[in-house]
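Structural characterization, general
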Amino acid sequence: MKSKVYIETFGCQMNVADTERAATGLRKAGYEMTSSATTADVVLFNTCSVRERAERKVLRRIGEVRKLSSPTTHKRPLIGVMGCVAQLEGQSIFDKTPAVDLIIGTQATDRIPSLIERVQGGEAGVIDLDERQEGEVWDVSPAERRSPYVAFVPIIEGCNKFCSFCIVPYSRGREKSRGAREIVNEVLRLRSLGYKEVHLIGQNVNSYRPRSMEGLEDYPGATPFSRLLRAVANTRMDRIKFTTSFPRDFHPDIVSALEEYPNLCDWVHLPAQSGSDRILKSMRRGHNSEDYLKRVEGIKNSKRRLALTSDIIVGFPGETAEDFAATMRLVEKCEYDALYIFKYSKRAGTPAARLDDAVSEDEKTTRFMALEELQTSVQGKLYNAYIGRKVSVLVERESARSSEDMAGHSTCHKVVNFKANQTRPGDIVEVLITEGKPNSLYGELIS
Ligand code: 5AD
Ligand code: SF4
């Protein structure tokens, strides 16, 4: 009998997609997937190393799982580490954490079944940090997807940007785009299976550059990404979202595509990281605040009202009070629909790790809170402006607050709660907004 495998996922959407892909391969190889560590013979941690906190959480979880006993072998489960921490730390994980039996790099997802077999066959120190191999294609069975209505579709893996603070180019390697025909076929398949929304995902979706234009011949556009958006829109999938966009590569033709196709959703995630030109230069972002604001202007001036969200890092080495004030001004100007704020976390091996002038933890906290307060007030006004407006919502689940309410996301990617009135998950409904909450909207169903 083959073993039961549980995968615990940390970090970004790319890791979620990788877990789905790994589960597809495991089940094909005869393994059973299980939804908790206590019922598993094999526990895999799909790890994130973008900030230190995520790394520490995994170590704690490995400590807990070591103490469990597998229902079949009555010994502790076989423990594997996959994802970014595995790729970056490799062999040294075995030395630091002896409970780990298996190390799986970010491009070894399709080889997990045979790696597990090697460990079970008695081999010690099994590790695979190699690249993806020819013929390994993105294949995810609907059974492994997190939701039966919303699917993540990776279009580009890796990153070539090397922002000075970021570990991703080291953990995920160079940018590699999937062929357009393969992507479009996957979206068509998802549509025929009843999916209502796809998220085209990648570290930088708008840097999409496939080896050939196959599948894009009939779709015009200034960049391969805007052509891909049109091609995917043409599948008639109900809702198409995409994230993350890299400011330097954000061509105005993306906005034109959103204006042409209503099923391309009205939301752009465009991380600024900082509002200070001095810090942006030291971050090696390839854009200054003026370039960034020009992109934002293009988005705000669209014929459609497009929601805009962003990421900001506070406390980057050398960030002065003046630099931070520039970030505050930028955030005020951009009027983001949501903002993800991060305290700078030093990542060994990145250029920024060698910079002096660290900002103290206390100061990072102070700046974090000041920025959060500003965003809360900006967001409050913005959300209240939705009162009286209609939004289209994909119903996802019962609301966490009340069993009489359902919750879902709008096309502009806001959480919307509303009186259920016999709607079911998977329905797309119109909701009239009656109330703005700090991080969500509340409304009534329009029948
Ligand atoms: N410290 C803090 N935040 C970081 N991010 C990436 N690297 C770091 C780091 N070293 C943030 C960036 C990025 C988001 C996914 O995580 O804002 O856009
Ligand atoms: Fe990291 Fe910059 Fe690449 Fe984003 S663009 S993954 S922040 S290096």
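The structure we're discussing is the one just above.
Conventions adopted
- Residues numbered from 1 in each chain as written.
- Chains lettered and ligands numbered in written order.
- Predicted model: local features only at pLDDT ≥ 70, side-chain atom pairs only at ≥ 80, totals over all residues.
- Heavy atoms only, no water.
- Near = heavy atom within 4 Å.
- Nonpolar A, V, L, I, M, F, W, Y, C, P; charged D, E, K, R; others polar.
- 1 Å grid on protein atoms, 1.4 Å probe; cavity = no way out; pocket = protein on both sides within 12 Å on 5 of 7 lines; lining within 4 Å.
- Points joined across faces, edges and corners; volume = space filled by probe spheres on them.
- Helix = DSSP H or I, 4+ residues; strand = E, 2+ residues; numbered from the N terminus.
- Buried < 20%, exposed > 50% of the residue type's maximum accessible area, 1.4 Å probe, protein only.
- Pairing = 2+ DSSP bridges.
- Axes fitted to C-alpha atoms, helices over the stretch in contact; angles between N-to-C directions.
- Phe/Tyr/Trp six-rings, centres within 6.5 Å; stacked < 30°, edge-to-face > 60°.
- Lys NZ or Arg CZ within 6 Å of the ring centre and 35° of its normal.
- Parallel < 35°, antiparallel > 145°, perpendicular 65-115°, else oblique.
- Contact = heavy atoms within 4.5 Å.

Let's shift gears to the site of ligand 2. The environment of ligand 2 is formed by Cys159, Lys161, Phe162, Cys163, Phe165, Cys166, Val168, Pro169, Gln203, Asn204, Phe246 and Arg285. Residue composition of the shell around ligand 2, grouped by class: eight nonpolar, two polar and two charged.

The next thing to look at is the layout of surface pockets. Considering only enclosed or pocket space, the second largest pocket measures out at about 700 Å³ in volume. Contributing to the lining of the second largest pocket are 25 residues, with Lys176, Ser177, Arg178, Gly179 and Arg211 lying nearest its centre. Of all elements in the fold, only strand E8 (156-157), strand E9 (176-177) and helix H7 (180-192) reach the threshold of two or more residues within the lining of the second largest pocket. The element contributing the most residues to the lining of the second largest pocket is H7, with three residues. Along the lines of polarity and charge, the residues of the lining of the second largest pocket split into seven nonpolar, five polar and 13 charged.

The bulk of non-glycine residues show a negative phi, and the bulk of peptide bonds are trans. Cis peptide bonds are those with omega within 30 degrees of zero, and the linkage from Thr243 to Thr244 qualifies with 10°. Its location among the elements puts Thr244 in the loop between strand E11 (239-243) and helix H9 (252-260). Phi angles above zero are rare outside glycine, and Gln273 is one such case at about 70°. Topologically, Gln273 is positioned in the loop between strand E12 (267-269) and helix H10 (277-282). For Gln273, a relative accessible area of 8% gives the class buried. With phi around 45°, Glu335 is a residue other than glycine that occupies positive phi space. With respect to the helices, strands and loops of the structure, Glu335 is situated in the loop between helix H12 (321-334) and strand E14 (338-343). Residue class for Glu335 comes out partly exposed when judged on its relative accessible area of 44%.

Next up on the list: empty space enclosed by the protein. In the structure shown here, the tally under the stated rule is two cavities of 30 Å³ or more. Space inside the largest cavity adds up to approximately 40 Å³. For the lining of the largest cavity, a count of residues per class yields four nonpolar, no polar and three charged. What lines the second largest cavity is simply Asp18, Asn46, Met82, Gly83, Ile104, Gly105, Thr106 and Thr109. Of the residues belonging to the lining of the second largest cavity, the class tally is two nonpolar, five polar and one charged.

The next thing to look at is the sheet that holds strand E7 (residues 150-154). The strand order across the open sheet built from three strands is E7-E10-E11, with neighbouring strands paired in parallel fashion. Both outer strands of the open sheet, E7 and E11, are each paired with one neighbouring strand and no more. Averaged over all pairs of adjacent strands, the angle between strand axes in this sheet comes to 25°, irrespective of strand direction. Two elements, strand E10 (residues 197-201) and E11, share five bridges in a ladder whose sense is parallel. Its bridge partner being in E11, Val198 is matched across the sheet by Ile240.

So, about the sheet that holds strand E18 (residues 428-436). Taken in spatial order, the five strands line up as E15-E16-E17-E19-E18 and close into a barrel, and their pairing is mixed. Sheet twist, expressed as the average angle between the axes of neighbouring strands with direction ignored, equals 50°. Of the strand pairs in this sheet, strand E16 (residues 405-410) and strand E17 (residues 415-419) are connected by five bridges, and their pairing is antiparallel. Considered in E17, the bridge of Gly408 is made with Val416.

As enumerated under the stated definition, the model contains five aromatic pairs in all. Centre to centre, the rings of Phe165 and Phe316 are 6.5 Å apart; their planes meet at 85°, and the pair counts as edge-to-face. With a gap of 151 residues between them, Phe165 in the loop between E8 and helix H6 (168-172) and Phe316 in the loop between strand E13 (307-314) and H12 connect regions that are remote in the sequence. Taking relative accessible area as the criterion, Phe316 reaches 0% and is therefore assigned buried. With a centroid separation of 5.4 Å and an interplanar angle of 70°, the aromatic rings of Phe316 and Tyr344 are classed as edge-to-face. One end of the pair, Phe316, is in the loop between E13 and H12; the other, Tyr344, is in the loop between E14 and helix H13 (361-384), and 28 residues separate them in sequence. Each member of the pair, Phe316 as well as Tyr344, carries the same accessibility label: buried. By the ring-pair criterion, three or more aromatic residues cluster together here, those being Phe165, Phe316 and Tyr344. One cation-aromatic arrangement involves Lys161 over Phe246; the distance from NZ or CZ to the ring centre is 5.2 Å. Over the ring of Tyr386 we find Arg389, and its NZ or CZ is 4.2 Å from the ring centre.

This brings us to the packing of helix H11 (residues 289-300) against H12. Taken N-terminus to C-terminus, the directions of H11 and H12 make an angle of 10°; their axes are 11 Å apart at the nearest point. Here H11 lies roughly parallel to H12, going by the angle between them. The residues of H12 that touch H11, namely those facing Ser289, Tyr292, Leu293, Val296 and Lys300, are Leu330, Lys333 and Cys334. Partitioning the contact of H11 with H12 into residue classes produces five nonpolar, one polar and two charged.

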